[in-house]
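The residues making up each chain are set out below.
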Amino acid sequence: MTGGQKLARGIIILGAALVVSFGWALIAGHARVPVRGLFSEQYAGLVRIRAARALLGIIVGAGLSVSGVILQGVLRNPLADPYVLGVSSGAGVGAALAMLAGLAAMGAWVVPGAAFIGAVLAILLVYLLAREGKAVPVYTLLLAGVIVNSVAGSFLIFLVHTTIARGEGLHSVMWWLLGSLQVLEPGRVIAAGAAVGLGVLITLFFTRDLNVLSIGEEPAAHLGLRVERTKKLLFVVASLVTGAAVAASGLIGFVGLIVPHGVRLVVGPDNKVLVPLSALAGAVFLVIADIIARTILPAGELPIGVITAFLGGPFFLYLLRRQRRGGVQ
Amino acid sequence: MNALEIRDLTCGYGDEPVIRGVTLEVSRGEFLGILGPNGSGKTTLIRAVTGLLEPMGGEVLIEGADVRRLQPREIARRVACVMQDTAIAPAIGNLAFSVREIVGMGRTPYLSRTGWATDEDRRAVADAMQLAEVEHLADRAITELSGGERQRAFIAMALAQGCDTVMLDEPTNHLDIAHQIGILDLFARLNEREGTTVVGIFHDLNLAAEYCERVVLLKDGRLAESGPPAEVFTADVIRSVYGAEVIVGTSPSSGRPHVFVGRG
Amino acid sequence: MKQWMLWAAVAAIVTVAIIGTVSHQVPVRPRTDRAEGDPLRLVSLSPSVTEILFELGLEENLIGVSTACTYPDEAADIRRVGDMGAPDLELVQAIAPDLLIATSFRDTEMVRVIEATGAEVLLVDQGCLDEVVDSIRVIGRAAGHEERAANYAQGLRARIEEATVTVPEGERPRVFVELSPQPLSTGAKGTFLDDLIVRAGGSNIAHDMGTPWTRISPDEVVAHDPEIIIIAYMMDGDTQQSLERRVGWGRVSAVRTGWVIDTIDEDLIMRPGPRLVDGLEELGDLFRRYREQEQQ
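Residues numbered from 1 in each chain as written. Chains lettered and ligands numbered in written order. Predicted model: local features only at pLDDT ≥ 70, side-chain atom pairs only at ≥ 80, totals over all residues.

**Describing the domain arrangement of chain C**
Residues and elements named next belong to chain C.
Thinking step 1. Each assigned domain of chain C is listed with its residue range as follows: domain 1 (39-160) and domain 2 (166-295).
Thinking step 2. Distance from the C-alpha centre of domain 1 to the C-alpha centre of domain 2: 29 Å.
Thinking step 3. The interface is formed by 14 residues belonging to domain 1 together with 14 residues belonging to domain 2.
Thinking step 4. Listed by contribution, the elements that provide at least two residues to the side of domain 1 that touches domain 2 are α2 (47-55), α5 (129-142) and α6 (146-163).
Thinking step 5. Per-element accounting of the side of domain 1 that touches domain 2 gives the leading share, 5 residues, to α2.
Thinking step 6. When its residues are assigned to classes, the side of domain 1 that touches domain 2 shows 8 nonpolar, 3 polar and 3 charged. (Domains from an automatic or database assignment. Contact = placed C-beta atoms within 7 Å. Helix = DSSP H or I, 4+ residues; strand = E, 2+ residues; numbered from the N terminus. Nonpolar A, V, L, I, M, F, W, Y, C, P; charged D, E, K, R; others polar.)

**Remarks on helix α6 (residues 177-193) of chain B**
Residue and element names in this part refer to chain B.
Thinking step 1. The end-to-end C-alpha distance of α6 is 24 Å, a good match for the 24 Å that 17 residues give at a rise of 1.5 Å each.
Thinking step 2. Buried within α6 we find Ile183, Leu184 and Phe187. Angular distribution of buried residues about the axis of α6 spans 90 degrees; they occupy a single face of the element. With respect to the buried face of α6, the exposed residues turned more than 90 degrees away are Ile177, Ala178, Asp185, Arg189, Glu192 and Arg193.
Thinking step 3. Buried positions along α6 lie against α5 (147-160), β7 (165-169), β8 (197-201) and α7 (205-211).
Thinking step 4. One or two positions beyond α6, positive phi appears at Gly195, with a value near 70 degrees. (Expected span 1.5 Å × (residues − 1). Buried ≥ 20, exposed ≤ 12 C-beta atoms within 10 Å, placed from the backbone. Arc of directions from axis to C-beta.)

**Examining the interface of chain C and chain A**
Interface size is commonly expressed as the accessible surface area that is lost when the partners come together.
Thinking step 1. At the interface, 36 residues of chain C touch 30 residues of chain A.
Thinking step 2. Broken down by secondary-structure element, the contributors of at least two residues to the side of chain C that touches chain A are α1 (3-22), β1 (26-27), β4 (82-83), α3 (89-95) and α4 (109-116) of chain C.
Thinking step 3. If one sorts the elements of the side of chain C that touches chain A by residue count, α1 of chain C sits on top with 8 residues.
Thinking step 4. Its residues assigned to classes, the side of chain C that touches chain A comprises 19 nonpolar, 10 polar and 7 charged.
Thinking step 5. Here 2 bridges tie strand β1 (residues 31-32) of chain A to β1 of chain C, and the two strands are oriented parallel to one another. What sits directly across from Arg32 of chain A, in β1 of chain C, is Pro27 of chain C. (Pairing = 2+ DSSP bridges.)

**Things to note about the nonpolar core**
Thinking step 1. The biggest cluster of nonpolar side chains holds 231 residues, and the ones touching the most others in it are Val60, Ala95, Ala192 and Ala244 of chain A together with Val103, Ala153 and Ala156 of chain B.
Thinking step 2. In terms of residue count, the dominant contributor to this core is helix α12 (residues 271-295) of chain A (17 residues).
Thinking step 3. The contact partners of Val103 of chain B, leaving out residues within four places of it in the chain, are Val125, Ala128, Met129, Ala153, Ala156, Met157 and Ala160 of chain B.
Thinking step 4. Within the second largest apolar cluster, 37 residues are counted, among which are Val221, Ile231, Ala232 and Val252 of chain C. (Core = buried A, V, L, I, M, F, W, Y, C linked by C-beta atoms within 7 Å.)

This is the structure:
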């Protein structure tokens, strides 16, 4: 099967899965909404809430997955993921600072914007910490990610505690740290959707570059790639997308790891196929994970980050082992 | 028109020039060897020719066009490179690119951002794989190959670029003698049959003597000697460039010079 | 990884989601079914509000409570609609209350979402003792039982007056209430806890800490040398450590003389509800016994 055929088939299958899971998300929940009630006035409020959540799930799932593909490609590291590398925490610090400074009221763009800045700084920090000459060794990168993650994490806890003392909305920050697709302000969904949409679109134009980068930066340059410019642009795109996702839904981990590797397993490593299909698969994955988050407890919801970490943690360890045994450095 | 013209080139990293005023012309269809001690600027010269390094002074012309005026893609359609060891991104298990996909990357300078490979591209890839004798590996993952097989795959990738000039940066460095000869024979064939200009960095003086029509020796970023191997490879020249005592003899089969190690 | 493992994982995720979907579903009560004169449907998101509603005889109207609402025992039979301050927005919509009463929300945006479904939201302040009593009137008025609430509040106020003692500053025992051992925390001025201590004739060592519910360092406690320490752990997991074994605490008066009290039901002094008055009376008794012993 050629790449084009794989892509076409994948889009049809995952597109259908997305439609089904979106419809499912409208029916699933603690309040019973019958299928024929979906369009009736009686259930309109519930359906709207669920549709907004599912929409945010699609945006965040697609964004985090594509961000994972970008980081894996540019850093040439199969274990890269915005959460593992501390990019999400960096975005979280930015977003939390903006929220606690009371800037959120200035517009739906402020918190995602601050998250974007935090994400860019975190990527830069991890990259500079991990780089040894021209290479970015796999394990050094992970270690740098761990460090940035824990520093950003402590800073977030510090922020939460200083606001505890002032008796302010710390609970929402705590909750938000675990990740949730609960939509209380429609403006955030629109802002996240626009940023993620733009980021994914740009990435689609750079799939060949991502492929070529896998053979190394200098060989890629010999094939006519403007390596430094491309890397910078893709880092910015990954930060934009991660920042938007984190600002809208908090820290949902491992999506950028689980989804792209799952898709690779079926369609192979070609980024021309991988990027669009990861976006779709990530959307389906997060919509279904959110169905679990909302329905698994008899009342209330589980933070969705708990579910993705539950799946992603063991998966990460598995990849780490495979990487050690089978990878070529 | 010459394949390459390097005029009074000075370039390097940061403020420190590595190449200092090199002038070199490579005519079409030539098989040229570049040699010199470690750190003499051989790889830097390749980077300057392919536009990866901006010249500090002087200029580089590829087929008459100034490298600084060419887009990276345009350079990549004129000059292909084979590196001494290409570090492939680590992949989990067998999820690496196949040889066919890697060779296909050689078509990058011809493809638009969003377009798929055309029949012409696929033909170029098939021809390149045949020339580099990696057809039987086409569907294997690049990470599963031996060093020699992998190097052939990257040679096929460079051939798929369809360039009139190929630059080699010690392409046989880590390989055993059979692979070394096999790969250099391949480029010799290419040079004879297709008229491809081959510019190769060599570590091994004898391989260079055997395959190159002309060799140039670099020392401290300057051109020290240039000419046919038989003229350049003399004990005096080797001593002054490498600082090593050698005895130069002649190969019984090709009549070309052969360098023997002279133990102190 | 083999592809079958991927499909197995996908199948497992989908199965869990299906199980979740088909379990715990509550039918949605249409708002249009409402008739004039139907009883008011109430949801309480705070244990203190639940207690007040029971005291006002409104338990029949109560159709939803939070997971923290454990008193009285009958509250266990009422549907749980989420955690304190964090209602399940879906359940709230499904059971369609007329009025939802809370003391706080995890996210103030939730109020807007709930109001959009047609329910009213009442946020009551229960900082100090006066506010707790006032909140009874507010809740009563909102729930249509203004008179009953006013009478009940009146009664409580009288009991509070009764239990409030005037003791000269010098004779008040220095009191420390330990709300959790790790981190060490207590209540300062502006909390009903501080109110209770002062009205019952004690002197709260944390009175001037600045923030209402606050952490306190062990050396501050030791420096204030409390004469009475009351253990009132709110979390189930907290168990009392032996205070003598804490470094430096052996010389604190309360520890030396054995006035470390853990027999008071913490709900009586820590749940801002009508039972606080019981707590006030218990504290009064405790402090009186201490003063009497001191005078001997």
